[in-house]
Amino acid sequence: MANPSENLINLCRAAVEAERVATAEPYTQEGWAAWMEAAETFQAAVTAEAAQEPKQSRLELEQAAKKAVLHPEESSDG
């Protein structure tokens, strides 16, 4: 199982929160800009972190970060 850094988890958390704020209102390009920026930042960080470790699956790293943010009760179990 991939082990995302605290920084990666925080970036994921920021993207999820930005999504919540953006989708709480009707769509506008300006209203979604922060979400898109946070998502791009998270994705770039996933790519960079995965590249640091040989044989690290980018997909598994992204999934582990999202699981830690979206399902923390499951992440702490195992």
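Please read these numbers as outputs of a predicted model, since none were measured by experiment. (Residues numbered from 1 in each chain as written. Predicted model: local features only at pLDDT ≥ 70, side-chain atom pairs only at ≥ 80, totals over all residues. Heavy atoms only, no water.)

Draft legend 1. Broad picture of the overall build of the protein chain. Per the secondary structure count, the protein chain includes four helices and zero strands. Shown N-terminal to C-terminal, the secondary structure of the protein chain runs as helices and strands in the order α-α-α-α. Expressed along its principal axes, the backbone C-alpha trace of the protein chain runs to roughly 40 × 25 × 15 Å. Total accessible area on the protein chain stands at roughly 5,400 Å², and carbon and sulfur atoms take up 53% of it. Once the 6 positive and 14 negative side-chain charges of the protein chain are each reduced to a mean point, those two points are 5 Å apart. (Helix = DSSP H or I, 4+ residues; strand = E, 2+ residues; numbered from the N terminus. Areas by Shrake-Rupley, 256 points an atom, 1.4 Å probe, with all protein chains shown as cover. Lys, Arg positive; Asp, Glu negative; His and termini not counted. Charge placed at Lys NZ, Arg CZ, Asp CG, Glu CD.)

Draft legend 2. Fine view of the environment of Pro 54. Along the polypeptide, Pro 54 turns up in the loop between α2 (29-52) and α3 (58-70). Pro 54 sits 51 residues away from Asn 3 along the chain, and the two C-alpha atoms are 13 Å apart.

Draft legend 3. Structural view of the packing of aromatic side chains. Applying the stated criterion across every chain yields a total of two aromatic pairs. Arranged with centres 4.9 Å apart and planes meeting at 85°, the rings of Tyr 27 and Trp 32 form a pair that is edge-to-face. Since its relative accessible area comes to 24%, Trp 32 is described here as partly exposed. A network of ring pairs unites the aromatic residues Tyr 27, Trp 32 and Trp 35 as a single cluster. (Phe/Tyr/Trp six-rings, centres within 6.5 Å; stacked < 30°, edge-to-face > 60°. Buried < 20%, exposed > 50% of the residue type's maximum accessible area, 1.4 Å probe, protein only.)

Draft legend 4. Expanded view of α2. Over its 24 residues, α2 extends 34 Å from the first C-alpha to the last, a length consistent with the 34 Å expected when each residue adds 1.5 Å. Within the span of α2, buried status applies to Trp 35, Ala 38, Phe 42, Ala 45, Val 46, Glu 49 and Ala 50. Buried-residue contacts for α2 involve α1 (6-23) and α3. (Expected span 1.5 Å × (residues − 1). Contact = heavy atoms within 4.5 Å.)

Draft legend 5. Highlighting unusual backbone geometry. Backbone geometry places Lys 55, a non-glycine residue, at a positive phi of 65°. Considering the arrangement of structural elements, one finds Lys 55 in the loop between α2 and α3. A relative accessible area of 88% means that Lys 55 is categorised as exposed.

Draft legend 6. A look at the packing of α1 against α3. Viewed as axis vectors pointing N to C, α1 and α3 meet at an angle of 65°, and their least axial separation amounts to 9 Å. Between α1 and α3 lies a crossing of right-handed hand. Across the interface between the two elements, Leu 8, Ile 9, Cys 12, Arg 13 and Val 16 from α1 touch Leu 61, Ala 65, Lys 66, Ala 68, Val 69 and Leu 70 from α3. Per-class residue counts for the contact of α1 with α3 are nine nonpolar, no polar and two charged. (Axes fitted to C-alpha atoms, helices over the stretch in contact; angles between N-to-C directions. Left-handed = near helix turned anticlockwise from the far one by under 90°. Nonpolar A, V, L, I, M, F, W, Y, C, P; charged D, E, K, R; others polar.)

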